[in-house]
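Single-letter residue listing:
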Amino acid sequence: MTIRVLIADDQEQVRSGFRTILGTAPDIEVVGQATDGVEALDLTRRLRPDVVIADIRMPRMDGLELTRILCSPGTQVGARVVVVTTYDLDTYVHTALRHGACGFLLKHSGAGLLIEAVRAAMAGDALISPSVTVRLLRELSGRHEEPGQAQPLTDRELDIVALVADGRTNAEIGAELYITAGTVKTHLAHIQRKLGARNRVGIAAWAWETGHRQLGH
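Since this is a predicted model, take the numbers as computed values, not measurements.

Looking at the sheet that holds strand E5 (residues 103–106)
Adjacent strands of a sheet pair through backbone hydrogen bonds, lying either parallel or antiparallel.
Thinking step 1. A sheet is described by the order of its strands in space; here six strands give the open sequence E2-E1-E3-E4-E5-E6, paired in parallel fashion. Lying at the two open borders of the sheet, with one neighbouring strand each, are strand E2 (28–34) and strand E6 (127–128).
Thinking step 2. Bridging between strand E3 (residues 51–55) and strand E4 (residues 80–85) involves five bridges; their strand directions are parallel. Bridging across to E4, Val52 finds its partner in Val81.
Thinking step 3. The strands that helix H3 (residues 63–71) touches are E3 and E4; relative to E3, the one it contacts most, it runs at about 155°.

So, in structure tokens, the structure goes:
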């Protein structure tokens, strides 16, 4: 299956570079380019891309607001979003992930990471620049409050949460727990509903905030 991608960035050089990088992947097709968030929202509505690569600082509507709209539950104009930026600021990371972004990359992360972030988003996984991940998880590991939770997680669900926090894919989790990737996906849907998490990044954040980041914890 070909992954349809829309690139939103106000710099033509960046858009061209991303398009060239993604063009080397046989399973990815760039279907459109936008110069700001408003245009990106309009193109998403018309072109229906699978994944939107969104810069944070754009005129008229920034990438964070675009992410909030595209990833809001029940939205009529939806897409998976990978946020890219030159600015490695914690407020940007937290806001992007809270709004439902499936990935957060620095623009100097490299061609391979950009392609893998698009594939991860399409697969329901998430990819964050390694330097951001280390700092983010170090911060979260210092917290131990229990967020509100509609229903308690089962032991199997807690095992899956721990593996998500370890950065494992659905296939890797399935192999570790001797279940199919499809079963993992079903468990993740239940976990997201119970925790009120928008995606697996939110699940991982919950695991680090509460200390549930080891199997059997």
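A few points about the pairing of E2
Thinking step 1. With six bridges joining them, strand E1 (residues 3–8) and E2 adopt parallel strand pairing. Its bridge partner lying in E2, Leu6 is registered against Gly32.
Thinking step 2. What joins E1 to E2 is helix H1 (residues 12–23), and the crossover it makes is right-handed.

Concerning the side chain of Arg15
Thinking step 1. Along the chain, Arg15 falls in helix H1.
Thinking step 2. Glu12 provides the closest opposite charge to the buried, salt-bridge-free Arg15, at an N-O distance of 4.9 Å.
Thinking step 3. Among the polar contacts made by the side chain of Arg15, one reaches the main-chain carbonyl oxygen of Asp9 at a distance of 2.8 Å.
Thinking step 4. Not counting residues within four places of it along the chain, the set of residues in contact with Arg15 comprises Ile7, Asp9, Asp10, Gln33, Ala34 and Thr35.

Describing the nonpolar core
Thinking step 1. Among the nonpolar cores identified, the biggest contains 28 residues, and Val52, Leu66, Leu70, Val81, Val83 and Phe104 are the most heavily contacted of them.
Thinking step 2. Within the residue set of this core, elements represented by two or more residues are E1, helix H2 (37–47), E3, H3, E4, helix H4 (90–98) and E5.
Thinking step 3. Beyond its immediate chain neighbours, meaning those up to four positions away, Val81 contacts Val52, Ala54, Thr67, Leu70, Cys71, Ala101, Cys102 and Gly103.
Thinking step 4. In this structure, Val30, Val84, Leu114 and Ala121 belong to the second largest nonpolar core, which totals 23 residues.

A closer look at the environment of Phe104
Thinking step 1. Relative to the elements of secondary structure, Phe104 occurs in strand E5.
Thinking step 2. Phe104 gets classed as buried once you look at its relative accessible area, which sits at 0%.
Thinking step 3. Distance in space between the C-alpha atoms of Phe104 and Ile53 is 9.7 Å, their sequence separation being 51 residues.

Some remarks on the packing of helix H8 (residues 170–177) against helix H9 (residues 181–195)
Thinking step 1. Orientation of H8 relative to H9, taken along the N-to-C sense of each, is 105°, at an axis distance of 8 Å. Taken together, H8 and H9 sit at an angle that is classed as roughly perpendicular. On the side of H8, the interface is formed by Asn170, Ala171, Ile173 and Gly174, while H9 contributes Ala181, Val184, Lys185 and Leu188.
Thinking step 2. Classifying every residue of the contact of H8 with H9 by side-chain character gives five nonpolar, two polar and one charged.

Some points on the packing of H2 against H3
Thinking step 1. Contact geometry of H2 with H3 gives a least axis separation of 9 Å together with a crossing angle of 25°. On the basis of the axis angle, H2 is roughly parallel to H3. Relative to H3, H2 is oriented so that their crossing is right-handed. Here Gly37, Ala40, Leu41 and Thr44 of H2 come into contact with H3, specifically with Leu66, Ile69 and Leu70.
Thinking step 2. Split into classes, the residues belonging to the contact of H2 with H3 amount to five nonpolar, two polar and no charged.

Here is what the cut-offs are and how they apply
Residues numbered from 1 in each chain as written. Predicted model: local features only at pLDDT ≥ 70, side-chain atom pairs only at ≥ 80, totals over all residues. Heavy atoms only, no water. Pairing = 2+ DSSP bridges. Helix = DSSP H or I, 4+ residues; strand = E, 2+ residues; numbered from the N terminus. Contact = heavy atoms within 4.5 Å. Axes fitted to C-alpha atoms, helices over the stretch in contact; angles between N-to-C directions. Right-handed = clockwise from strand over helix to strand, strands pointing away. Buried < 20%, exposed > 50% of the residue type's maximum accessible area, 1.4 Å probe, protein only. Lys, Arg positive; Asp, Glu negative; His and termini not counted. Salt bridge = Lys/Arg side-chain N within 4 Å of Asp/Glu carboxyl O. Polar contact = N/O pair within 3.5 Å; in protein donor to acceptor, adjacent residues only side chain to side chain. Core = buried A, V, L, I, M, F, W, Y, C linked by side-chain atoms within 4.5 Å. Parallel < 35°, antiparallel > 145°, perpendicular 65-115°, else oblique. Nonpolar A, V, L, I, M, F, W, Y, C, P; charged D, E, K, R; others polar. Left-handed = near helix turned anticlockwise from the far one by under 90°.

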